[in-house]
Amino acid sequence: MTASPAVEPTVTTSTSTSASAPTVAAPRRASAVRLGPRTSVLVALTSAVGLMAFGWPLLASSSSFVVAHASDAPWLFAAVLPLVIAVVLADVADGGLDAKGIALLGVLSAAAAAMRPFGSGHAGFEPMWIVVVLGGRALGPGFGFCLGAIGMFSSALVTGGVGPWLPFQMIGAAWIGLGAGLLPRATGRREIALLAGYSAFACIAYGFMLNLWFWPFLTADSGFPPGLSYVAGAPLITNLQHWLRFDVATSLGFDIPRAVLTVTLVVVAGRAVLVALRRASRRAAFDAPVVFAPEAD
């Protein structure tokens, strides 16, 4: 049995005559924060920066290769943080976010930051991902993008996890929130099953992506096994094979527990959290224009 989201009727009063009775408009469904044109451009720009940051070692030639991200991580952080802030401001300019939306973004980012220390990263157990996935699903892709990046940044400040890996974590978390918001429409148990499958995929993919920030350090010259190490200037398919072998050999022990925990939390608490977030979205009325109507005589 599936439960559709609760709806609240909107009551409007006719101004043609004082004796007319109130009319009940069509119920207003919970709406996500829409992804406006400015927000879309900035999300695409930030994602392009992230793709270059993650993938450039796979395309670098042996003559142009500079040791991994030893020098570019601070510059990447300096680029990513303003871009994330620009995405939030673009959402405001596009009319998707107002003061209530920014307040909700702050609350959910703080919740994600507060949940991360409970797992402490041990064996990959990180309960914060349920906030990112469900927040992006209920409140839209742009909101999910900002929630993932800001939540990861806030959690790094809480846990002392600030380092060259942080900008890569922020981009990866932003993509997970964005993807949750872009999932196809579904309701009830079908929606929970969709989110559980997405959470499993996203948590494993996040671990694989994050390996790219330090894997180029691991070369055969440093004593790492040749079949798992990075080879500067090698064909793309060769480094992809080495990277996937490295992921399976070293990363799945952390990625699978992360996926199992997130899927379990989505199955157990997903319905209740989605209902609460969608109720907050309805009450905040992010998409409702402000209209000043003349008062009836």
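If you're wondering where the values come from, they're calculated on a predicted model, not measured in any experiment.

**Q** Quick one: what's the story with the overall build of the protein chain, residue by residue and with numbers?
**A** Helix and strand content of the protein chain: eight helices and two strands. Listed N to C, the secondary structure of the protein chain is β-β-α-α-α-α-α-α-α-α in terms of helices and strands. For the protein chain, the exposed area adds up to about 14,400 Å²; of that, 70% sits on carbon and sulfur atoms.

**Q** Residue-level account of the pattern of salt bridges, with values.
**A** Under the criterion given, the structure shown has five salt bridges. Note that Arg258 is salt-bridged to Glu126, the shortest N-O span being 3.1 Å. Placement of Arg258 in helix α8 (residues 236–284) and of Glu126 in the loop between α3 (99–119) and α4 (129–139) is noted, with a sequence separation of 132 residues between them. Here the two residues Arg258 and Glu126 agree in accessibility, since each one is buried.

**Q** Please provide a residue-by-residue account of the nonpolar core, values included.
**A** Counting residues in hydrophobic clusters, the biggest one holds 65 residues, and the most contacted among them are Leu108, Trp129, Phe143, Met152, Ile176 and Trp215. Elements represented by at least two residues in this core include exactly α1 (37–59), α2 (73–93), α3, α4, α5 (141–159), α6 (166–181), α7 (188–211) and α8. The element contributing the most residues to this core is α6, with ten residues. In contact with Ile176, other than residues within four places in its own chain, are Trp129, Val132, Val133, Tyr198, Ala202 and Tyr206.

Criteria and thresholds
- Residues numbered from 1 in each chain as written.
- Predicted model: local features only at pLDDT ≥ 70, side-chain atom pairs only at ≥ 80, totals over all residues.
- Heavy atoms only, no water.
- Helix = DSSP H or I, 4+ residues; strand = E, 2+ residues; numbered from the N terminus.
- Areas by Shrake-Rupley, 256 points an atom, 1.4 Å probe, with all protein chains shown as cover.
- Salt bridge = Lys/Arg side-chain N within 4 Å of Asp/Glu carboxyl O.
- Buried < 20%, exposed > 50% of the residue type's maximum accessible area, 1.4 Å probe, protein only.
- Core = buried A, V, L, I, M, F, W, Y, C linked by side-chain atoms within 4.5 Å.
- Contact = heavy atoms within 4.5 Å.

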